[in-house]
Amino acid sequence: MQIEMREEKKQEFWRWKESNWKNPDIEWRSGKFITLGIDVGSVSSQAVVMVDGQIFAYSNMRTGSDSPHSARKALDFVLEATDMPEDRVDYCVGTGYGRVNVPMADRTITEIACHARGANFIYGPEVRTVLDVGGQDIKAIQCDEKGRVTNFLMNDKCAAGTGRGMEVFADLLGIAIDEVGERSFQVKEEPPPVSSTCVVYAKSEALGLLRKGWSREKVLAAYCRAMAERIYSLVERLGVKPQLAVTGGLAKNSGVIERLMFMIGLKPMNSKWDAQIAGAIGAALFGYALCQKGKGRKK
Amino acid sequence: MLANYGYKDGSGDYFITINTDLCNGCGECVAVCPANIFIVVDEDPNDPMRDGPVAIVAEEKKKKLKYECNPCKPTQNRPPLPCVEACKTGAISHSW
Amino acid sequence: MISAGIDCGAKKTKTVIMRDGKIAGKGIVLAGFDLDKAVHDSYKMALRQAGIRSEDVESIGGTGAGKEAVKNADELVNEIKAMARGAFYFFPDARTVVDVGAEEGRAAKLDEKGNAIDFAINEKCAAGAGTFIEAMARALETPLEEMGPLALKSDKQIPMNAQCVIFAESEVVGLIHAKTPKADISRAIHDAMASRIVSMIRRIGVNKEVVMLGGVAYNPAFVEAIRRELDLERLYVPDYPEFGMAVGAAVVAAEKAQGR
Ligand code: SF4
Ligand code: SF4
C-alpha cells in the first residue's frame, strides 16, 4: 500500500508575532537601578528592561543563525520602544541556550534559574512547579515562594518529548504543526500510545500503524499521548507540586497539553504576561537583586 | 537545591544529582573522577544568589553520562562509585 | 548433523544451514512487516543454496529480537548466547564479542569454551545502533555503503555535539552548510558512534581478541574507529559478520540435538 504524503510547507512548532512593548506608567529617569535581561533561545529571543524590578519594556523576536546578533537585535528592538539610551542600563544578564554568546551581558545565568524567577514574577508566589517544553529540550523546575530553584532537571539530549520530536511526526503525517492539537482529537476513541520512546523507532512504529490502516489522526493521537507520558515521566522525577506553570512552545499545543494535564490532574496557571518573556524577566530581576546587594557592575 | 544533571532517553534514566545545600565546593569529586565529569565554580549558574563555590557537571559531559561513567559501572561486582565515596557531605547521587 | 539458525533482526532476517560444523548455505531477506514470510523466505533461500531438503534438517535454532516468529524452531536461543557462539565458531580465541545491528548494540565477554560470562546491551535509543549511521547517511545525502570509504579519506577529527539521531541530523546539515568536507563529517559520525560502542565494551572489560559481528561490521571505517578507540592492533571480523548470530543459533541447535 502506498502511503500518501502531502507536501507541506515547513512550519515551526508554534507561531507568534515579533513584538515590542513599553509600560507608559513607568518613568525610567527616576529609577535607581535599570536592569536588562536578554534570553536567547533556540527559536526566539527576548529582551526585558526593568526599572527597580518593574517591567518597563520588552521585545520578543525570532532567533537568527548567530546568538550575538540575535541578542543585539532583541536589545535594539526593546530600546526602540523607549526613549532611553542604552548606556543608562546598570546591569545586563544573559540567559537561554545562547547565553554564552550575549556580548553585552555582565553575567550569564542559566535559563533554569531565570525561568523559575520569572514564573514567580508573572504567575505569583504560589508557583511551585515550572514545566518548560521547548523546541529542543524539556525543563522541569521546582521552586519556593521566592522563585528560588529547589529541584530541577533539564533534558536536552533526547528529542523524545520535545518540539523537535513533534515536528518529525507532523512531517511524517503531513499535518501542519498548528493543526496538531485539533486533529489529534478527531478520533472516535483514544488509541494506546506509541510504545517506542525513541523518535526514530516511534517513526517506524507509526509507519507500521499507517500500513495497518490507522488514520493519520489516530496515529497522531497515539503520538501526542506518548509525548505527554514522556514529559510526565520527567516531571514525575521531581514530583509535581501545585501550582503549576507551563511555559515554552508546548503550552500552545493542546494535543499534548490536554493529555498531560489529565495525567497530572492540575490546571496550568494563567497570567496577563506572555510566558515567553519569563526567562528574560528572571534575568532582569537577578540583575536588580545583584545591584541591590552591591554586586552590580564595577564602575 | 537538587541539581539533576543528565538525561532520559529511549534506553533509560541517567542523572547525577548534586545537592547544592550539602556541597561545600571542596573539589574532592573533581579529583577522583576518571572521566572529568565535575568542575567546581565560584558562581553557581543555576543559583545566582549563592555565595561560595559549588560542584556542577561539566556542560560537555551532560549529554553523555551513560557512556562516560561506564568504567565506574561494570556490569558485575560494581564497587562503590568514586565520586559518591569521595564526597564527605554526601551531596552526590546517581540515578542508575 | 544438519542444523539451521534463523536470526530475526530488526531490519533483516538471516538464515544459516550448517552441515557437520560447516556453513552449507545462507539466506537473507529484508524483514519488512511480515516477519513470518521473511523467516520462510530466508530459510528457503538458505536450503536452496545448501542443496538440502527441509526434511533433512535435524534441528532449528531461532534468535534475534523477533525470534518468536520462527515457528518451526526446536530451540529459541537468547541473543547473547547466539552472538557468543557465533563469534567462537569463527574465532575460537575470541574473548570479547561486539555485535552492532540496526537497532541494538551488544557486547559480551567469553570464556575459553565460548560461553558468555558477562554482557552489556545498548537498546531503545537509535543513537547507539546502526540506525544512527543510516540516518546520518541520509542527512549527508550519501549512499550508506559509501559512508565508510568516505570517512577513511579523512584525517581530521571534528567533534559532534548531538547525542541523539534527530539532533545529530540537524548538526550534520549545519556542518554541510558550513562547507565542512563530507569526508570529515562522515568520519565524525563514525567516531561518535564508535565512542558509544567502545564505552559499552569498556563496561564488561576489554580482552585482547575482540570479534565484531553484525551488519555494521561490513563498514571498514566503523571497524577502524572502534579499533582506534580501543587501541588494539586489530579486530577480528568474519567474512559474513551479518550471519554471526544465525551461525551461533545453528551451532546451539546442533548441540542440543546431539544431546550436548
Ligand atoms: S532515544 Fe531516539 S530520540 Fe532519544 S536520544 Fe536516542 S535517538 Fe534520540
Ligand atoms: S561514577 Fe565515576 S566517572 Fe561517573 S561521575 Fe562518578 S567518578 Fe566520575
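Residues numbered from 1 in each chain as written. Chains lettered and ligands numbered in written order. Predicted model: local features only at pLDDT ≥ 70, side-chain atom pairs only at ≥ 80, totals over all residues. Heavy atoms only, no water.

Draft legend 1. Local environment of the interface of chain B and chain C. Taken together, the twelve residues of chain B in the interface contact 15 residues of chain C. In total, chain B and chain C occlude about 1,200 Å² of area from one another, counting both sides; carbon and sulfur atoms represent 48% of this. For the chain B face of the interface with chain C, the top three residues by lost area are Tyr67, Asn70 and Thr75 of chain B, together amounting to 46%. The tally of links from chain B across to chain C stands at zero salt bridges. (Contact = heavy atoms within 4.5 Å. Buried area = accessible area lost by both parts, 1.4 Å probe. Salt bridge = Lys/Arg side-chain N within 4 Å of Asp/Glu carboxyl O.)

Draft legend 2. How the structure looks around helix 7 (residues 220-230) of chain C. Residues and elements named next belong to chain C. Buried within helix 7 we find Ala221, Phe222, Val223, Ala225, Ile226 and Leu230. On the buried face of helix 7, the contacting elements are strand 6 (96-100), helix 3 (131-139), helix 4 (144-152), helix 6 (182-204) and strand 9 (210-213). Between a side-chain oxygen at the N-terminus of helix 7 and the backbone nitrogen of alanine 221 the separation is 3.0 Å; the capping residue is asparagine 219. (Buried < 20%, exposed > 50% of the residue type's maximum accessible area, 1.4 Å probe, protein only. Helix = DSSP H or I, 4+ residues; strand = E, 2+ residues; numbered from the N terminus. Polar contact = N/O pair within 3.5 Å; in protein donor to acceptor, adjacent residues only side chain to side chain.)

Draft legend 3. Structural view of the pattern of salt bridges. A complete count under the given rule lists 40 salt bridges over all chains for this structure. Across the pair arginine 72 of chain A and aspartate 76 of chain A runs a salt bridge, and its minimum N-O distance is 3.0 Å. In this pair, arginine 72 of chain A and aspartate 76 of chain A both sit in helix 1 (residues 67-80), four residues apart, roughly one turn of the helix. The partner of aspartate 13 of chain B in a salt bridge is arginine 237 of chain A, with the nearest N and O atoms 2.6 Å apart. Within this pair, whereas aspartate 13 of chain B is found in strand 2 (residues 12-19), its partner arginine 237 of chain A is found in helix 6 (residues 216-238), the two belonging to separate chains. On the basis of relative accessibility, which here comes to 34%, the residue arginine 237 of chain A falls in the partly exposed class. Because the salt bridges share partners, they merge into one network encompassing Arg187, Asp191, Glu224, Arg227 and Arg228 of chain C.

Draft legend 4. Structural context of the site of ligand 1. Not every one of the 14 residues close to ligand 1 is listed here, only the nearest: Cys158 and Cys198 of chain A, Gly10 of chain B together with Cys125 and Cys164 of chain C. Chain contributions to the surroundings of ligand 1 come from chains A, B and C. A class-by-class count of the residues in the shell around ligand 1 yields ten nonpolar, one polar and three charged. (Near = heavy atom within 4 Å. Nonpolar A, V, L, I, M, F, W, Y, C, P; charged D, E, K, R; others polar.)

Draft legend 5. Highlighting the sheet that holds strand 4 (residues 59-63) of chain C. Residues and elements named next belong to chain C. Spatial ordering of the open sheet is given by 3-2-1-4-5, a layout of five strands whose pairing is mixed. Of all the strands in the sheet, the pair left with one neighbour each is strand 3 (22-30) and strand 5 (75-76). Taken together, the seven bridges between strand 1 (residues 2-8) and strand 2 (residues 12-19) define a ladder with antiparallel strand orientation. Its bridge partner being in strand 2, cysteine 8 is matched across the sheet by threonine 13. (Pairing = 2+ DSSP bridges.)

Draft legend 6. Quick peek at the packing of aromatic side chains. Going through the model one piece at a time under the given rule, you end up with eleven aromatic pairs over all chains. Measuring from centroid to centroid gives 6.4 Å for phenylalanine 33 of chain A and tyrosine 288 of chain A, while their planes differ by 65°, and the two rings are edge-to-face. With phenylalanine 33 of chain A in the loop between strand 1 (19-22) and strand 2 (34-40) and tyrosine 288 of chain A in helix 8 (residues 278-292), this residue pair connects regions lying 255 residues apart in the sequence. Relative to tyrosine 5 of chain B, the ring of phenylalanine 152 of chain A has its centre 6.0 Å away and its plane inclined at 90°; by these criteria the two rings are edge-to-face. Pair noted here: phenylalanine 152 of chain A is in strand 9 (residues 149-155) and tyrosine 5 of chain B is in strand 1 (residues 2-9), and the two residues belong to different chains. For the pair phenylalanine 152 of chain A and tyrosine 5 of chain B, one class covers both residues: buried. A network of ring pairs unites the aromatic residues Trp21, Tyr58 and Trp273 of chain A as a single cluster. (Phe/Tyr/Trp six-rings, centres within 6.5 Å; stacked < 30°, edge-to-face > 60°.)

Draft legend 7. Representation of the pairing of strand 1 of chain C in the model. Residue and element names in this part refer to chain C. In terms of burial, strand 1 is a largely internal element, seven of the seven residues being buried. Residues Ile2, Ala4, Ile6 and Cys8 line one face of strand 1 and the alternating positions Ser3, Gly5 and Asp7 line the opposite face, and both faces are buried. Linking strand 1 back to strand 2 in an antiparallel pair, the connection comprises three residues. Examined bridge by bridge, strand 1 and strand 4 share five bridges and lie parallel to one another. Bridge pairing in strand 4 places isoleucine 6 opposite glycine 62.

Draft legend 8. Structural view of the domain arrangement of chain A. Residue and element names in this part refer to chain A. For chain A, the assigned domains read domain 1 (19-118 + 277-292) and domain 2 (128-268). Here domain 1 and domain 2 have C-alpha centroids that lie 29 Å from each other. Facing the seven residues of domain 1 at the interface are twelve residues of domain 2. Here domain 1 meets domain 2 over a buried area of about 840 Å², counting both sides, of which 71% is carbon and sulfur. Its largest share of buried area at the contact with domain 2, domain 1 owes to Ile112, His115 and Ala116, together 62% of the area lost on that side. Taken together, domain 1 and domain 2 are joined by zero salt bridges. The interface formed by domain 1 and domain 2 includes zero residue pairs in polar contact (both at pLDDT 80 or more). Considering only residue class, the side of domain 1 that touches domain 2 consists of three nonpolar, two polar and two charged. (Domains from an automatic or database assignment.)

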